[in-house]
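# What the coordinates show
Listed below are the residues making up each chain.
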Amino acid sequence: MFTIISLLIEELSIVVCIHRIFGQKIRFDRRTISLIIFQVCILSMINYLSLGKVAAGFTFVFIFIYSKIKFKATFATCIASAFFLGVIMKAMQFICLLLANIIVYDNEGLRVMIADMGVLCCSVFLLPRLKVDRLRKSLFVKNKYVLCVFGFVGVVIALLLMQDKIFQGIQAELFVFAIPAVFVLIILFGKWNESQKRIEEIEKDLDNNIRLQEKYSELLQKVRLRQHGFKNHLTAIFSTHYTYKSYEQLVEVQKEYCNKMIRENKYNSLLLIGNNVLSGFLYGKLQEVEEGGFQIEYSIDTNLEGIKIPNYYLIEILGILIDNAAEAYQDSEQQKKISLSIAEKGENYFFTICNQCEYVPYSQMEQWFQNEVSSKGEGRGLGLYYVKTLCNDWNMDIRCENIEIEQKNWVQFTLIAEGAGNQK
């Protein structure tokens, strides 16, 4: 009885683990259930015929086929994933067997079942935190030396487990070596994940900088071109009194001319932010929103050279807030207005984004920041939840409130980011 339950738990662990390696959520569809039942039957037959653990290793062929069909992976990726699966499963089995042996030492069937349950728990709860799917993605690109160490540790653990099955025990000197090997594996996983996260952040930031630098260069070029004609525009304004004899008509024409100049140069102050990438983003984003029929009001009262948060994440947050402000007018007949302001108070930077809206209860505002809670429909509402997550990661604060401007209600989001001088 213990044997069948242990086999079922072990196969569940393998299925969960292979999904973690591919970064996919586990779904018990027809293929997955068929694989589990088939694997349990094969292993039961191998145990009944006493073919040994070597024969059981051939079941990884079916894991390879499953990966090929389920995840549409390449041949090389399936082989690498099967190898990672073996290493990870053996490592977890080894640790759990050691702990199970301490708890139950006189009943092998119960001991194995407890160990398999521990492996299943590790597959469900521990592997997502270790981000094992990054190993598969980076196999042929980077960190090859680290992967070689993973392979070496995995082989050592596999040999120890095989020795335990063949000789009914582990030699003391190998046991002493295995404990540090397991801890080395865990430490390397942690260090590798940290380095991968940092590399991905740098790559995202670099790609973002290249893309948005073009927008900044476009804005800068337009400002330079307009500078050449600025004196001509001033001459035109001063000369209008020669052609208009009526004072009221003269004022009206000059006002219209000046308003046109203001509209054409309204984004010039973005160049004063002190952050080329953010200037390029705001220039492109505000133009995009303005083309959708929105009236944009913005003010820049500070220089952002001292902000601590990386450009990539700041742009993600501001992009979500601006998009949400625009979407708030989707079914509204109000005049489409969006206000953006950037200011500095003390050692913090304040990014404020407002849009006109009916009064919103604060209990409803709190729900906006929950996962998949939105008035936009099912499957939406991840934006503000992601903003809240980034704020927690980068020690920022996000506030939402109702404010009154000219006897009209506005919803205001305020992002508070630390400056370089803030050492909280």
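Look up a bit, the structure's there.
Let me sum up the structure you'll find in this document. (Residues numbered from 1 in each chain as written. Predicted model: local features only at pLDDT ≥ 70, side-chain atom pairs only at ≥ 80, totals over all residues. Heavy atoms only, no water.)

## A short note on the environment of F294
Relative to the helices and strands, F294 is located in the loop between α11 (276–291) and β1 (295–300). Once the C-alpha coordinates of F294 and K336 are considered, the two residues, 42 residues apart in sequence, prove to be 4.9 Å apart. The residues touching F294, leaving out its near neighbours within four places in the chain, are V289, A326, Y329, K336 and I338. (Helix = DSSP H or I, 4+ residues; strand = E, 2+ residues; numbered from the N terminus. Contact = heavy atoms within 4.5 Å.)

## A short note on unusual backbone geometry
A positive phi angle, close to 55 degrees, is found at K72, a residue other than glycine. Along the chain, the position of K72 falls in the loop between α4 (60–70) and α5 (75–103). A relative accessible area of 62% means that K72 is categorised as exposed. With a phi angle near 65 degrees, Q407 is a residue other than glycine that sits in the positive phi range. Looking at the secondary structure, you find Q407 in the loop between β4 (397–405) and β5 (408–418). By relative accessible area, which is 75% here, Q407 ends up exposed. (Buried < 20%, exposed > 50% of the residue type's maximum accessible area, 1.4 Å probe, protein only.)

## Details of the nonpolar core
Generally speaking, soluble globular proteins have nonpolar side chains that are buried together. Residues L278, L282, I338, F351, W368 and L415 are the most contacted members of the largest nonpolar core, which totals 50 residues. Sort the elements by how many residues they give to this core and helix α12 (residues 311–327) lands first, with 11 residues. Discounting chain neighbours no more than four positions away, the residues touching F351 are L278, L304, I307, L314, L318, S341, I342, F413, T414, L415 and A417. By size, the runner-up hydrophobic cluster in this structure holds 31 residues, among which are C78, F84, M92 and A100. (Core = buried A, V, L, I, M, F, W, Y, C linked by side-chain atoms within 4.5 Å.)

## Remarks on the sheet that holds β4
In space, the five strands of this open sheet follow the order β1-β2-β3-β5-β4, with mixed pairing throughout. Both outer strands of the open sheet, β1 and β4, are each paired with one neighbouring strand and no more. Adjacent strand axes in the sheet meet at a mean angle of 20 degrees, parallel and antiparallel pairs treated alike. Pairing of β4 with β5 involves nine bridges; the strand directions are antiparallel. Each bridged residue has a counterpart across the sheet, and for C400 the counterpart in β5 is F413. (Pairing = 2+ DSSP bridges. Axes fitted to C-alpha atoms, helices over the stretch in contact; angles between N-to-C directions.)

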